[in-house]
Amino acid sequence: MGSKKRKNPKPDKKPLTAAQKRRKREAKAERQKKYKWIFINGKQVRIKRPETFDGMDEEEFIRRNACDIWLTQNGRYDILDERYRDKEPVPEIEQPEVATDDDECWDLFH
């Protein structure tokens, strides 16, 4: 028995032009910046990369740069709690003695 002949052989691909190659490379680089590959249940899956600001992920950027007012307005009490736990206690200010006798009070005001 002989080998079967194809009725419609695939036509040869044309080589890509320089501009097409450049666009293909740029698109690949953009995809690599935007997505990353991980394994889930033994399968390789592409997911979006977390956003970064100045090379830090969003959570770390907020922890370092957000003011207390912004954190409160946006409900980020967990970060506020961490900040105030780490701070050293504020030393108490000495209160002036309060006069207990009416005579002393009278002398202070007259």
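What counts, and at which threshold
- Residues numbered from 1 in each chain as written.
- Predicted model: local features only at pLDDT ≥ 70, side-chain atom pairs only at ≥ 80, totals over all residues.
- Heavy atoms only, no water.
- Helix = DSSP H or I, 4+ residues; strand = E, 2+ residues; numbered from the N terminus.
- Buried < 20%, exposed > 50% of the residue type's maximum accessible area, 1.4 Å probe, protein only.
- Areas by Shrake-Rupley, 256 points an atom, 1.4 Å probe, with all protein chains shown as cover.
- Contact = heavy atoms within 4.5 Å.
- Salt bridge = Lys/Arg side-chain N within 4 Å of Asp/Glu carboxyl O.
- Core = buried A, V, L, I, M, F, W, Y, C linked by side-chain atoms within 4.5 Å.
- Axes fitted to C-alpha atoms, helices over the stretch in contact; angles between N-to-C directions.
- Parallel < 35°, antiparallel > 145°, perpendicular 65-115°, else oblique.
- Left-handed = near helix turned anticlockwise from the far one by under 90°.
- Nonpolar A, V, L, I, M, F, W, Y, C, P; charged D, E, K, R; others polar.
- Pairing = 2+ DSSP bridges.

1. Considering the overall build of the protein chain
Of regular secondary structure, the protein chain possesses 5 helices and 4 strands. Ordered by position in the sequence, the α and β elements of the protein chain form the string α-β-β-β-β-α-α-α-α. Looking at the protein chain as a whole, 7% of its 110 residues are labelled buried. Put simply, the protein chain shows about 11600 Å² of open surface, and 51% of that area lies on carbon and sulfur atoms.

2. Section: the environment of Asp 68
Positionally, Asp 68 belongs in helix H3 (residues 68-73). By relative accessible area, which is 29% here, Asp 68 ends up partly exposed. Among all residues touching Asp 68, those that are not within four sequence positions of it are Leu 80, Arg 83 and Tyr 84.

3. Thoughts on the pattern of salt bridges
Tallying each qualifying case throughout the model produces 7 salt bridges. Residue Asp 78 is joined to Arg 76 by a salt bridge in which the shortest nitrogen-to-oxygen separation is 3.6 Å. Residue class for Asp 78 comes out partly exposed when judged on its relative accessible area of 38%. Among the residues examined, Arg 76 registers a relative accessible area of 19% and is labelled buried. Across the pair Arg 85 and Asp 81 runs a salt bridge, and its minimum N-O distance is 2.6 Å.

4. Examining unusual backbone geometry
With a phi close to 55°, Asn 41 is a non-glycine residue in the positive phi region. One can find Asn 41 in the loop between strand E1 (35-40) and strand E2 (43-48).

5. So, the nonpolar core
Ile 62, Ala 66, Leu 71, Ile 79 and Leu 80 together form the largest nonpolar core, which totals 5 residues. Once residues lying within four places of it in the same chain are set aside, the contact partners of Ile 79 are Glu 59, Ile 62, Arg 63 and Leu 71.

6. Considerations on the packing of helix H2 (residues 58-65) against helix H4 (residues 77-86)
Orientation of H2 relative to H4, taken along the N-to-C sense of each, is 50°, at an axis distance of 11 Å. Regarding the angle of H2 to H4, the classification is oblique. Handedness of the crossing formed by H2 with H4: right-handed. For the pair H2 and H4, the contacting residues are Glu 59, Ile 62 and Arg 63 in the first and Ile 79, Glu 82 and Arg 83 in the second. Its residues assigned to classes, the contact of H2 with H4 comprises 2 nonpolar, no polar and 4 charged.

7. Looking at the pairing of E1
Strand direction decides the pairing type here: E1 and E2, joined by 6 bridges, are antiparallel. Considered in E2, the bridge of Ile 40 is made with Lys 43. As consecutive antiparallel partners, E1 and E2 are separated by 2 residues, and within that stretch Asn 41 has a phi angle of approximately 55°, a positive value.

Spatial relationships are all this shows, so hold off on functional conclusions.
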